[in-house]
Amino acid sequence: MKISAVKGMKDVLPTAQGEDAPFNSRIWERILNAGREVLSRYGFELIHTPVLEESRLFARAVGEETDIVGKEMYAFEDRGGKVLALRPENTAGAVRAYVEQGLPMRDPVQRWWYFGPMFRRERPQRHRYRQFFQLGVESFGVAAPEEDVEILALARDLIEAVGLVGVELRVNSLGDEACRPGYLEVLRAYLEERRDRLCADCQRRIDRNPLRALDCKEPGCVEATRDAPASHEHLCDPCRQHFDRVLAGAAAMEIPYVLDARLVRGLDYYTRTAFEMTAQALGTGQQTAVCGGGRYDGLVKLLGGPPTPAIGFAMGVERIATLLAEAGGVPAASADLFLAFADPRGLEAAQRLARQARGRGLRTEMDLRGGKVSKQLGRADRRGARFAVVLGELEVQAGRARLKEMATGQETEVALDALVEEVWKRR
Ligand code: ATP
Ligand code: MG
């Protein structure tokens with residue numbers, strides 16, 4: 001019996017290529033390694049929250065009226081009757097944990113990052129999967145606009161570190177509970193005047209969630225709302241000052257951005273600063289969002305904590321991997337040293353040397369199936385080994401072997417007890 005993976009959910013493997021190149025785990029490792037490095041420089045620490053949470057957490061945090069919760073969530077009744085959901089995003093879980101641990105009072109300033117799978121029952125297509133990974137950050141406890149600037153700088157540095165080029169940062173301010181209601185009234189009146197030009201979804205949104213109409217991809221709706229009132233032009237004084245300082249800070253830090261009045265984000269919890277990073281896909285020339293984020297100053301309180309400012313973002317790992325694969329293909333395997341052996345004495349020596357080399361930090365491989373030396377060396381080649389050495393009775397007795405540089409075929413004789421150091425120097 002052959003069983004396939006669930007539709008819209010992918011395996012990430014070192015062998016993935018061609019159409020599956022975005023799921024090549026060597027690309028993922030690059031993203032993760034580069035990301036980890038940058039995140040630690042900014043003082044962010046790794047968290048893991050459960051993949052399953054109570055469904056009402058997402059209904060509360062993300063919003064009942066959003067597509068994510070209303071249409072796309074995998075929710076089910078657990079034995080015992082509790083309704084659980086596979087997390088569609090990680091901010092709600094992070095805030096739940098932050099409040100549950102009493103951190104708002106105990107240690108409110110936290111900088112967290114995560115890397116893990118999210119689940120949304122969307123129509124599977126290019127750039128859109130039902131299980132997809134996000135690398136994201138959450139910064140709690142700092143209301144100052146300079147924190148927004150730090151987060152924008154971090155997002156920019158992450159994108160650069162993973163090697164994506166041509167990524168555009170778009171920012172907007174959605175206001176807060178003081179000025180957003182007034183803006184929504186203005187927007188509602190504007191949409192109402194154009195009701196019959198909007199799609200059925202947007203007609204419903206006029207009452208329930210008018211912001212979302214600005215996010216609609218239907219050409220008719222885009223056209224009808226071209227000159228819609230902009231939230232960043234309806235801010236109260238504190239929100240206005242906050243946003244001005246964010247934009248001035250970004251400019252001072254040389255973080256290029258464009259102001260985008262249509263940027264509203266698909267989740268209800270955002271306040272004030274919201275942003276997205278988009279990249280041009282090579283194949284289609286279409287814009288794809290690789291990162292989305294913003295401030296969510298009301299969410300900690302909404303989930304039962306005291307009022308606490310916070311800001312974060314999430315990057316789509318598959319989308320980044322797709323763009324990297326399009327630009328640079330799938331990376332080949334690579335190792336520093338391959339140890340081949342001709343006989344049992346050689347095998348013993350290879351094992352010892354491998355241990356030593358790995359202890360020194362060299363990526364070292366063998367083919368413990370043994371067999372013909374030429375075959376072992378063929379594998380050394382396929383594994384992208386920089387150097388290879390063949391060990392046997394003779395080499396062990398002489399205490400010397402020939403170290404071969406795979407790319408040039410050039411061989412140098414080295415003492416076995418100096419071999420690891422020699423490879424380390426020349427790697
Ligand atoms: P989009 O507008 O593309 O649907 P979104 O606003 O729903 O994105 P967020 O919830 O902000 O996305 O998630 C942050 C990032 O996660 C997105 O910018 C994108 O890169 C990625 N992402 C979101 N949904 C998917 C998906 N179904 N498959 C792959 N990546 C996704
Ligand atoms: Mg979406």
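To start, this report covers the structure provided alongside it.

The rules behind these values
- Residues numbered from 1 in each chain as written.
- Chains lettered and ligands numbered in written order.
- Predicted model: local features only at pLDDT ≥ 70, side-chain atom pairs only at ≥ 80, totals over all residues.
- Heavy atoms only, no water.
- 1 Å grid on protein atoms, 1.4 Å probe; cavity = no way out; pocket = protein on both sides within 12 Å on 5 of 7 lines; lining within 4 Å.
- Points joined across faces, edges and corners; volume = space filled by probe spheres on them.
- Helix = DSSP H or I, 4+ residues; strand = E, 2+ residues; numbered from the N terminus.
- Nonpolar A, V, L, I, M, F, W, Y, C, P; charged D, E, K, R; others polar.
- Pairing = 2+ DSSP bridges.
- Contact = heavy atoms within 4.5 Å.
- Axes fitted to C-alpha atoms, helices over the stretch in contact; angles between N-to-C directions.
- Parallel < 35°, antiparallel > 145°, perpendicular 65-115°, else oblique.
- Left-handed = near helix turned anticlockwise from the far one by under 90°.
- Near = heavy atom within 4 Å.
- Polar contact = N/O pair within 3.5 Å; in protein donor to acceptor, adjacent residues only side chain to side chain.
- Areas by Shrake-Rupley, 256 points an atom, 1.4 Å probe, with all protein chains shown as cover.

**A few points about the layout of surface pockets**
- Size it by volume and the second largest pocket reaches roughly 630 Å³.
- If you go around the second largest pocket, you meet 24 residues; those closest to its centre are R180, D268, Y269, T271 and G298.
- Taken together, the elements giving at least two residues each to the lining of the second largest pocket come down to helix 2 (55–61), helix 7 (180–193) and helix 11 (299–302).
- Considering only residue class, the lining of the second largest pocket consists of 12 nonpolar, four polar and eight charged.

**Brief notes about the sheet that holds strand 11 (residues 310–316)**
- With respect to topology, eight strands assemble into an open sheet ordered 1-5-6-11-10-9-7-8, the strand pairing being mixed. Of all the strands in the sheet, just strand 1 (45–46) and strand 8 (258–259) have a single pairing partner and so form its edges.
- Bridging between strand 10 (residues 287–295) and strand 11 involves five bridges; their strand directions are antiparallel. Residue pairing in the sheet places G292 in a bridge with A314 of strand 11.
- Where helix 1 (residues 25–41) meets the sheet, it contacts strand 5 (110–119) and strand 6 (131–140), and its direction lies at approximately 165° from that of strand 5.
- Against the sheet, helix 10 (residues 237–252) touches strand 7 (167–173), strand 8, strand 9 (271–280) and strand 10, its axis set at about 35° to strand 9.

**Quick look at the sheet that holds strand 2 (residues 52–54)**
- Here three strands make up an open sheet; going across it, the order is 2-4-3 and the pairing antiparallel. Lying at the two open borders of the sheet, with one neighbouring strand each, are strand 2 and strand 3 (75–77). Sheet twist, expressed as the mean angle between neighbouring strand axes with direction ignored, is 35°.
- Bridge count for strand 3 against strand 4 (residues 83–86) is three bridges, and the pairing is antiparallel.

**Structural notes on the packing of helix 6 (residues 145–162) against helix 10**
- Viewed as axis vectors pointing N to C, helix 6 and helix 10 meet at an angle of 40°, and their least axial separation amounts to 8 Å. With respect to their mutual orientation, helix 6 and helix 10 come out oblique. Considering the relative orientation of helix 6 and helix 10, their crossing is right-handed. Packed against helix 6, whose contacting residues are P145, E146, D148, V149 and L152, the element helix 10 presents H242, R245, V246, G249 and A250 at the interface.
- In terms of residue class, the contact of helix 6 with helix 10 is made up of five nonpolar, two polar and three charged.

**Let's talk about the site of ligand 1**
- If you check the shell around ligand 1, you find 16 residues, and the closest are R120, E122, R128, R265 and A289.
- At 3.4 Å, a backbone N or O of G316 approaches an oxygen atom of ligand 1.
- Starting from 580 Å² of accessible surface for ligand 1 in isolation, the protein chains cover 89%.
- Counting residues per element, the ones that place at least two in the shell around ligand 1 are strand 6, strand 10 and strand 11.
- Here the shell around ligand 1 takes four residues from strand 10, the largest share from any one element.
- For the shell around ligand 1, the per-class residue count stands at seven nonpolar, four polar and five charged.

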